[in-house]
Structure formats: C-alpha cells, structure tokens
Amino acid sequence: MERWPALELASTIRHDGDGGVTDDLATVQGTTRWIHEQGDLPAGHVPAPGLVADEELRLVIVGLRRAVRALFAHAVAPAPPSPADALHLMPVDEALAHVNAVAAREPVAPQMDWPLDGAPAARLLSAQGDPQVRLVAALARSAIDFLTGPQREQLRACTAPRCVRYFVRRHGRQEWCKPSCGNRARAARHYRSRRTASEEPSPS
C-alpha cells in the first residue's frame, strides 16, 4: 500500500482508542520514535533512523504539521475538516507560506543516474549538512508533492465517530479510513435509527 510522508505527518494526531485524541509528537521521545518508524520515507537521502529529536526539532515538525493539516482541511472543503483542529486551523495563506519556507531551508538539485544496463533514475543532491534541516525540508516537499498531485482529489477526512484522520480514498464508495471506522460508523447509524424509532409517538 502506498504511503505518503505528508499523510503520515498529519496522522500523528489520531484517535487514541478510548474516545479521545492522542498526539504522537507530544514529547521528544515520541517524536524520535515517529521519525524512526518512517525509515527513509521522508526522502531517500534523509537517514531518518539515525536521527534523535530535541525540543527544537519537535516544535519545528509540529509547526509544519499544523500547516499541513490546515492545507488538508482546505483540500477537502466544502466537506468538513478533521474535528481534531477544525476550530483552530491556521489560515490558508499562512499555511502555504510556512510549508514553502520550510521546504526552502534545504537547497537541492535533481541529479540523474543512468546505469548502462538499467533505466534512468532521479535523486536529489543536497547542499545542506544538517540532517534535522534536511528532514523537515523533505517533509515540507512531500506536502507540496502530495497537494499538487492527483491524490489531493481523493483526500478525505474520516467521518466515523471519534476519528480525526485524513485518508486517501482508494475507490469511489469509500467513506472511512479503515474497516474499524466503518464498523463504528454503521453501529452509530443503527443506534440513531433505533433511538429515533423509539422516540416516535405511538399511533393512537
């Protein structure tokens, strides 16, 4: 299954399984763990498993996430955004400027490799030596790639009760991010319909 770094970043705010919301980036330790779980996903030239977060890096990634989630909310409009931050979204113009500024922190140049017995492939050559800067810049570029690519048209906010995730719809009838959310949503609908029926006055 295809994964997108920008979606992985947005999904660090998620349902905790007990009716609340948890933040995977709430602590330096959690941020380091999340970075390591990404492997080389943020960009092929970023050695994410070797990075250890500090408070400064954590705050930079959290700030980028806030901008990305604001742009995700803009992308799914006029449908409602994720309820996790719907009431305090960063303005769209501010979010755009923030993502672009973070992406610009790492000067990169595309390079092409073409082995004699294979197909050409592109890689990025970086002029930035700081791996933390390279990581956040790669995450920002991934958000730009995601939101300017075809998957933006399929981005949705899950409407299941208590879910706060964004997801990429993989077929035309998909309403929820995962089967468990679909089960929960159907159970909630069934409960509402039964309650409505029980509240209707009996015929005299």
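As a starting point, this report considers the structure included with it.

Cut-offs and rules
- Residues numbered from 1 in each chain as written.
- Predicted model: local features only at pLDDT ≥ 70, side-chain atom pairs only at ≥ 80, totals over all residues.
- Heavy atoms only, no water.
- Helix = DSSP H or I, 4+ residues; strand = E, 2+ residues; numbered from the N terminus.
- Buried < 20%, exposed > 50% of the residue type's maximum accessible area, 1.4 Å probe, protein only.
- Contact = heavy atoms within 4.5 Å.
- Areas by Shrake-Rupley, 256 points an atom, 1.4 Å probe, with all protein chains shown as cover.
- Phe/Tyr/Trp six-rings, centres within 6.5 Å; stacked < 30°, edge-to-face > 60°.

The subject of this paragraph is the overall build of the chain. Counting its regular elements, the chain contains 6 helices and 6 strands. Scanning the chain from its N terminus toward the C terminus, one meets helices and strands in the order α-β-β-α-α-α-β-β-α-β-β-α. Buried residues in the chain amount to 38% of all 204 residues. Put simply, of all contacts in the chain between residues at least 6 apart along the chain, 56% involve residues at least 24 apart. Counting only carbon and sulfur atoms, one obtains 55% of the accessible surface of the chain, whose full area is about 11700 Å².

The final tally for this structure, using the stated rule, is 3 aromatic pairs. What links up through ring pairs into an aromatic cluster is the set W4, F72, F146 and Y166.

Right, let's talk about the environment of Q29 for a bit. For Q29, the location among the structural elements is in helix α2 (residues 28-37). Residue classification places Q29 among the exposed residues on the basis of a relative accessible area of 57%. Sequence separation between Q29 and D54 is 25 residues; the distance between their C-alpha atoms is 8.5 Å.

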